[in-house]
Amino acid sequence: MSNNIYEIEPLEPKHAQPLTDWFNTFVDQDLGVVENFHVTVESEGKYIRDYLANLQNREASSYVVLCNKIIVGKTDIRPLSRYIDKHVVELGFGVLKEHPEAGKQLLQFIVKV
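First things first, this report covers the structure right here in the doc. (Residues numbered from 1 in each chain as written. Predicted model: local features only at pLDDT ≥ 70, side-chain atom pairs only at ≥ 80, totals over all residues. Heavy atoms only, no water.)

### A look at the pattern of salt bridges
This is how the line gets drawn: The term salt bridge refers to a side-chain nitrogen of Lys or Arg lying within 4 Å of a carboxyl oxygen of Asp or Glu. Burial classes follow relative accessibility: with a 1.4 Å probe on protein chains only, a residue under 20% of its type's maximum area counts as buried, one over 50% as exposed, and anything between as partly exposed. A helix here means a DSSP run of H or I that spans at least four residues, while a strand means a run of E at least two residues long, and both kinds are numbered starting from the N terminus.
Within this structure, the stated rule accounts for 6 salt bridges. The closest approach of N and O atoms between Arg-78 and Asp-76, which form a salt bridge, is 3.4 Å. The exposure class of Asp-76 is buried, given its relative accessible area of 8%. Here Glu-101 and Lys-104 are joined by a salt bridge, their closest N and O atoms 3.3 Å apart. Of this pair, Glu-101 and Lys-104 both sit in helix H3 (residues 100-112), separated by 3 residues, roughly a single helical turn. Exposure remark for Lys-104: the relative accessible area of 49% places this residue in the partly exposed category. Each of Lys-74, Asp-76, Arg-78 and Glu-90 takes part in one network of salt bridges that share partners.

### Some remarks on H3
Short version of the rule: Helix span is expected to be 1.5 Å times the residue number reduced by one. Every residue pair with non-hydrogen atoms within 4.5 Å of one another is taken to be in contact.
Relative to the 18 Å expected for 13 residues at 1.5 Å per residue, H3 spans 19 Å between its end C-alpha atoms, a close match to the ideal helical length. Listed in full, the buried residues belonging to H3 are Glu-101, Ala-102, Gly-103, Leu-106 and Ile-110. Residues of H3 that are buried make contact with strand E1 (6-10), strand E2 (61-67), strand E3 (70-79) and strand E4 (89-95).

### Describing the side chain of Asp-76
With respect to the helices, strands and loops of the structure, Asp-76 is situated in strand E3. If sequence neighbours within four positions are ignored, Asp-76 has contacts with Tyr-47, Tyr-51, Ser-61, Ser-62, Glu-90, Leu-91 and Gly-92.

### Looking at the side chain of Lys-74
The condition that has to hold: In protein, a polar contact means a hydrogen-donor-capable atom and an acceptor-capable atom, both N or O and within 3.5 Å, with residues adjacent in sequence counting only if both atoms are side-chain atoms; elsewhere, any N or O pair within 3.5 Å suffices.
Secondary-structure assignment places Lys-74 in strand E3. In this structure the side chain of Lys-74 is engaged in a polar contact, spanning 2.7 Å, whose partner is the side chain of Tyr-47. Within the structure, the side chain of Lys-74 is placed 2.6 Å from the side chain of Asp-76, a separation counted as a polar contact. Residue contacts for Lys-74: discarding those within four places in its chain leaves Leu-11, Leu-19, Trp-22, Tyr-47, Ser-62, Tyr-63, Val-64, Val-65, Gly-92, Phe-93, Gly-94 and Leu-106.

### A short note on the packing of aromatic side chains
Going by this rule: Pairing of aromatic side chains here covers Phe, Tyr and the six-membered ring of Trp, requires ring centres within 6.5 Å, and sorts the geometry by plane angle: under 30 degrees stacked, over 60 edge-to-face, intermediate tilted.
Throughout the structure, instances matching the rule amount to 3 aromatic pairs. Ring centres of Tyr-63 and Phe-109 lie 4.8 Å apart, and the angle between their planes is 70°; on these two criteria the pair is classed as edge-to-face. Highlighted residues: Tyr-63 in strand E2 and Phe-109 in helix H3, separated in sequence by 46 residues. Taking relative accessible area as the criterion, Tyr-63 reaches 15% and is therefore assigned buried. Using a relative accessible area of 26% as the deciding quantity, one classes Phe-109 as partly exposed. Each member of the aromatic cluster is reached from another via a ring pair, and the members are Trp-22, Phe-23 and Phe-26.

### Observations concerning unusual backbone geometry
Positive phi, normally seen in glycine, also occurs at Asn-68, with a value near 55°. The residue Asn-68 is located in the loop between E2 and E3 in this model. Classification of Asn-68 as exposed rests on a relative accessible area of 65%. The backbone of Lys-69 shows a phi angle near 70°, a positive value even though the residue is not glycine.

Below, the structure is given as C-alpha cells:
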C-alpha cells in the first residue's frame, strides 16, 4: 500500500501544464492510450476550454487526480447522446502505472458522482 496522498479535482484551466506532462508521460509509458503522440500546453489548454464549455452544457465532466500537485490520473464522464441512454455514461480513465492506488481512489470517487 502506498503512502501517497491523492487529491481529486475538477479539470480546470490551471491544469493545462500538469495535464500536458501527464498525457505525455502516459504516451511514453505506452499504456494503451488511443492518441499515441505528445501534446502541447496550448493543445491541452484548448482541450480544457472546450471541455469546460461542454460542462456548462451538462454534456460532460472531467476530473484529475493529483499527487504532490502532479497529475497522475484523469477521468472523463460523458452521458450517451440517445434519449433512451440518458442513464448511461461513457467513462474515459487513465492512471500512470506507478499510482495504482490513485486509480482505486478515482474509481471510488466516480461511483459517488
